[in-house]
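# Commentary on secondary and tertiary structure
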Amino acid sequence: MIVLIIKNETMTDAVLPEEIIVNNIYSIRGHKGMFGVCLAELYQLGTGQLKRQVRGNPERFPDGFMFELTPGGTKSFKVLIWHLKTRGI
């Protein structure tokens, strides 16, 4: 069972249903991960704020917690997504 406890707007603990978390985990080249925008949304943060938290508190996150695509990698990824969407996959 996967449980993620987050702080909501009133700073009280909130438990998200497992399906919300599982539906946002993707397998890419044999590695499971979540896109920053999805993770930021779960924590009710902007992506920039999430990146600042990870960079500013590296001891709180495991090695390899986050990586960023290069501009070329981003373009390739967008092309892949476009191809998948146009094929209905």
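Every value quoted in this text rests on a predicted model; they were computed, and no experiment measured them. (Residues numbered from 1 in each chain as written. Predicted model: local features only at pLDDT ≥ 70, side-chain atom pairs only at ≥ 80, totals over all residues. Heavy atoms only, no water.)

### Some details on the side chain of Asn24
Basically, it comes down to this: Secondary structure is summarised from DSSP: a helix means a run of H or I of at least four residues, a strand means a run of E of at least two, and numbering begins at the N terminus for each. Contacts are assigned to residue pairs that have any heavy atoms within 4.5 Å of one another.
Relative to the helices and strands, Asn24 is located in the loop between helix H1 (18-22) and strand S3 (26-28). What Asn24 contacts, discounting residues up to four positions off in sequence, is Gly33, Met34 and Cys38.

### So, helix H4 (residues 71-86)
Operational definition: Any helix carries an expected span of 1.5 Å times its number of residues minus one.
With 16 residues, H4 extends 23 Å from end C-alpha to end C-alpha; this agrees with the ideal 22 Å at 1.5 Å per step. Two residues or fewer past H4, Gly88 is found with a positive phi of approximately 75°.

### Re the packing of aromatic side chains
Note the cut-off: Paired rings are identified among Phe, Tyr and Trp, the last through its six-membered ring, by centres lying within 6.5 Å, and are further divided according to the angle between planes into stacked (under 30 degrees), edge-to-face (over 60) and tilted (the rest).
Under the defined criterion, the tally for this structure stands at one aromatic pair. Ring centres of Tyr26 and Phe35 lie 5.0 Å apart, and the angle between their planes is 50°; on these two criteria the pair is classed as tilted.

### Quick look at the confidence of the model for the protein
Note the cut-off: The predictor attaches a confidence to each residue, and that confidence, scored 0 to 100, is pLDDT.
Of all residues in the protein, 82% attain a pLDDT of 70 or more, and the chain-wide mean is 77. Taken element by element, the predicted model of the protein shows its lowest mean pLDDT in strand S1 (residues 5-7) (46) and its highest in helix H3 (residues 47-56) (88). Predicted confidence for residues 1-8 stays below pLDDT 50, and this span has 28 contacts to residues more than four positions away or in other chains.

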